[in-house]
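For reference, the chains in residue letters:
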Amino acid sequence: MTTAVTIPARSEIPWTRIAWFGLLLIACFAPVFKALVAAWWNDADMGHAYFVPLVSGYIAWQKRGELLAIAPEPNWWGLVLVLVGGCQLIAATLGVELFLARTALIVMLIGMVWMLGGTAILKKLAFPLLLLFFMVPIPTIVYTRITFPLQIKASQFAEWALTVIDIPVVREGNILELPNHRLSVVEACSGIRSLLTLTFLSLVYGHFFERRKWLRLLLFAATIPIAILANGSRVAITGILTQIKPELAEGFFHESTGMVTFFAAVVILFIFHQTVARAAHYLEARRRSHALSG
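All figures in this text were calculated on a predicted structure; none of them were measured in a lab. (Residues numbered from 1 in each chain as written. Predicted model: local features only at pLDDT ≥ 70, side-chain atom pairs only at ≥ 80, totals over all residues. Heavy atoms only, no water.)

A short note on the nonpolar core
Thinking step 1. In terms of nonpolar packing, the biggest core is built from 37 residues, with Phe29, Leu129, Leu131, Met135 and Phe200 touching the most fellow members.
Thinking step 2. Only α1 (15-42), α2 (51-62), α4 (77-95), α5 (98-117), α6 (119-124), α7 (126-131) and α9 (192-209) provide two or more residues apiece to this core.
Thinking step 3. Of all the elements, α5 adds the most residues to this core, at 10 residues.
Thinking step 4. Once residues lying within four places of it in the same chain are set aside, the contact partners of Met135 are Leu36, Trp40, Met46, Ala49, Val52, Pro53, Leu105 and Ile106.
Thinking step 5. Tyr143, Leu195, Leu219 and Ile226 belong to the second largest nonpolar core, which has 15 residues in total. (Core = buried A, V, L, I, M, F, W, Y, C linked by side-chain atoms within 4.5 Å. Buried < 20%, exposed > 50% of the residue type's maximum accessible area, 1.4 Å probe, protein only. Helix = DSSP H or I, 4+ residues; strand = E, 2+ residues; numbered from the N terminus. Contact = heavy atoms within 4.5 Å.)

Here it is, written out as structure tokens:
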């Protein structure tokens, strides 16, 4: 026996209210969004941000059938969140606080969905809405606290790798003293760029290719050690190149190693997922076999 899914008529969807609030959102946040796009262009760490709204929108579009099957039930708590986003924008504008102004856009968007569609629709759109936070650059104070430990981790890994292949190296913090070159692991080489992009990719990849929530969370957590490993390898490779020709540690070759190690990190993430997924499937099959035999 099959159960028919009732899709609400088009008149039940509050198109007029959606249009009005959409225009209000555009009017309030047009300067903020313009500055945000400029930040993506100028900040090399935010190269992935261009894809965030596109991917988020695509995921929401994929859910259109499920969304149309839910009758909108406006929730006035959403209006509270809209007002919070508006107050956040005003405070950020007065205090010239870019992070608060940019996140206010997402807060108000979440409030609009909650107010116009209701809790059920908000839950369906929770993942694509939360993904939007990846298009906002990290505040400087948080960025500094993250990058320095990553610089040290990358330096330590590079020191270990160079020592293993018998290249003399002395490390002082984030500076590596090599026989004919001094290598400084600066903020741009901390790995924060690959970490942000890899984290975003892990969430999107997990959404499309993995149903188990625990494995999605594991993939998300795995991005940190994978990013450290990849960036440490990049620093080590740069150290090796300096022993061949110091000029290879700069310019095109340096950028090329960054791209290669990032794609290597993506491959490692994929292999990690497949390995854990196969192991989980094998253990589950064995558990079922023992249960049947018992």
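Focus on the environment of Pro128
Thinking step 1. Tracing the chain through its elements places Pro128 in helix α7.
Thinking step 2. Linking Pro128 and Glu66, residues 62 residues apart in sequence, is a C-alpha distance of 14 Å.
Thinking step 3. Aside from chain neighbours lying at most four places away, what touches Pro128 is Ser56, Ile59 and Ala60.

Notes on the packing of helix α8 (residues 140-164) against helix α10 (residues 213-244)
How two helices pack is summed up by the angle between their axes together with the distance between the axes.
Thinking step 1. The geometry of α8 relative to α10 is characterised by a closest axis approach of 8 Å and an angle of 55° between their N-to-C directions. Put simply, α8 runs oblique to α10. Remark: the crossing between α8 and α10 carries right-handed chirality. For the pair formed by α8 and α10, the contact residues are Leu150, Lys153, Ala154, Phe157, Ala158, Ala161 and Leu162 on the first element and Ile228, Leu229, Asn231, Gly232, Ser233, Val235, Ala236, Gly239 and Ile240 on the second. (Axes fitted to C-alpha atoms, helices over the stretch in contact; angles between N-to-C directions. Parallel < 35°, antiparallel > 145°, perpendicular 65-115°, else oblique. Left-handed = near helix turned anticlockwise from the far one by under 90°.)

Considerations on the pattern of salt bridges
Thinking step 1. All chains considered together, the criterion is met by 5 salt bridges.
Thinking step 2. Across the pair Glu66 and Lys124 runs a salt bridge, and its minimum N-O distance is 2.8 Å. One end of the pair, Glu66, is in helix α3 (residues 64-68); the other, Lys124, is in helix α6, with 58 residues separating them in the sequence.
Thinking step 3. The residue Arg288 makes a salt bridge to Glu284 at a minimum N-O spacing of 3.3 Å. Pair noted here: Arg288 and Glu284 are both in helix α11 (residues 251-293), with a separation of 4 residues, about one helical turn.
Thinking step 4. Assessed through its relative accessible area of 30%, Glu284 is described here as partly exposed.
Thinking step 5. In the salt-bridge network here, residues are joined through shared partners; they are Glu284, Arg287 and Arg288. (Salt bridge = Lys/Arg side-chain N within 4 Å of Asp/Glu carboxyl O.)

Looking at the packing of aromatic side chains
Thinking step 1. Under the definition given, this model contains 8 aromatic pairs.
Thinking step 2. When the ring of Tyr58 is compared with that of Phe208, the centres are 6.1 Å apart and the planes differ by 40°; the resulting orientation is tilted. Here the residue Tyr58 occupies a position in helix α2, and Phe208 occupies one in helix α9, the gap between them amounting to 150 residues.
Thinking step 3. Residue Tyr58 is classed as partly exposed on the basis of its relative accessible area of 44%. (Phe/Tyr/Trp six-rings, centres within 6.5 Å; stacked < 30°, edge-to-face > 60°.)

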